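Results of the structural survey
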Amino acid sequence: MNKRLRVILYGKSVILGTVGASLAHYPDLEVVALSPPLPGAGELAALAPDVILFDEDIGRPEALFALLQESPSLLLAGVNPENDQMRLWSSGQSSVLCTEDIVQRIARLPK
């Protein structure tokens, strides 16, 4: 049996909530919503996320990027509530994506 991938949501925007609700329909994904304040990198690491989606309007949360440096397989995506796009960080590279792109990228993660 394949392990479920853990997706952490951090933020309160409507678009992030909508993405979370959409991802909850995928049986291979476990969606966990966190409320502010953001835990530190150690606490986030203890949650063992495969993907973290966050609202970009909160700035650049250093704990998330510190965790990305320690976990290069982690997918980190910032959701921009103003234009409904996501910016993806993985292994130091970034690109702008739409919601369908992030779902496809999550589906390619090893289980």
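As shown above, the structure is provided for reference.
Report follows, based on the coordinates. Here the residue numbering is sequential within each chain, running from 1 through the sequence in written order. Totals for whole chains, interfaces and linings use every residue, but because this is a predicted model, local features are given only for residues with pLDDT of at least 70 and side-chain atom pairs only at 80 or more, for both listing and counting. Only hydrogens and water are set aside when side-chain values are computed; all heavy atoms of the structure are taken into account.

With that out of the way, let us pick up the side chain of Asp50. Secondary structure elements follow DSSP: runs of H or I of four or more residues count as helices, runs of E of two or more count as strands, with numbering from the N terminus. Along the chain, Asp50 turns up in the loop between helix H2 (41-46) and strand S3 (51-55). Polar side-chain contacts of Asp50 include one of 3.1 Å to the side chain of Lys3. A distance of 2.8 Å separates a polar side-chain atom of Asp50 from the backbone nitrogen of Arg6. Discounting residues that sit within four places of it in the chain, Asp50 has contacts with Lys3, Arg4, Leu5, Arg6, Ser73, Leu74, Leu75 and Leu109. Any pair of nitrogen or oxygen atoms within 3.5 Å is treated as a polar contact; in protein, a donor-acceptor pairing is required on top of that, and neighbouring residues in sequence qualify only through side-chain atoms on both sides. Whether two residues touch is decided by their heavy atoms; if any such pair falls within 4.5 Å, the residues are in contact.

The subject of this paragraph is the environment of Ile102. Take Ile102: it is sitting in helix H4 (residues 99-107). For every residue, the accessible area (1.4 Å probe, protein chains only) is compared with the maximum for its type, and the residue is labelled buried under 20%, exposed over 50%, or partly exposed between those bounds. When its relative accessible area of 0% is taken as the criterion, Ile102 is described as buried. Measuring from C-alpha to C-alpha, the distance between Ile102 and Gln85 comes to 10.0 Å, with 17 residues separating the pair along the chain.

Let us look at the nonpolar core. Buried residues of nine kinds, namely Ala, Val, Leu, Ile, Met, Phe, Trp, Tyr and Cys, make up a nonpolar core once their side-chain atoms join them within 4.5 Å. Residues Val7, Leu23, Val51, Leu53, Met86, Ile102 and Ile106 are the most contacted members of the largest nonpolar core, which totals 19 residues. Elements with a minimum of two residues in this core: strand S1 (5-10), helix H1 (14-23), S3, strand S4 (75-80), strand S5 (85-90) and H4. Considering every element that reaches this core, the biggest residue donor is H1, with four residues.

All right, on to the pairing of S3 then. Within S3, five of the five residues are buried, which leaves it mostly tucked inside the rest of the structure. Neither face of S3 is open: one carries Val51, Leu53 and Asp55, the other Ile52 and Phe54, and all of them are buried. A strand pair is defined by DSSP finding two or more bridges across the two strands. Relative to S3, S1 is paired through four bridges, and the arrangement is parallel. Across the sheet, Val7 pairs through a bridge with Val51, a residue of S3. The pairing of S3 with S4 spans five bridges and is classified as parallel. From the neighbouring strand, Asp55 faces S4, where its bridge partner is Val79.

A pairing counts as a salt bridge when a side-chain nitrogen of Lys or Arg comes within 4 Å of a carboxyl oxygen of Asp or Glu. Per the counting criterion, the structure on display carries two salt bridges. A salt bridge links Lys3 to Asp50; its shortest N-O distance comes to 3.1 Å. Highlighted residues: Lys3 in the segment before S1 and Asp50 in the loop between H2 and S3, separated in sequence by 47 residues. Overall, Asp50 belongs to the buried group, its relative accessible area being 16%. Between Glu30 and Arg6 there is a salt bridge whose closest N-O contact spans 3.1 Å. Here Glu30 is found in strand S2 (residues 29-34), whereas its partner Arg6 is found in strand S1, with 24 residues between them in sequence. Exposure remark for Glu30: the relative accessible area of 27% places this residue in the partly exposed category.

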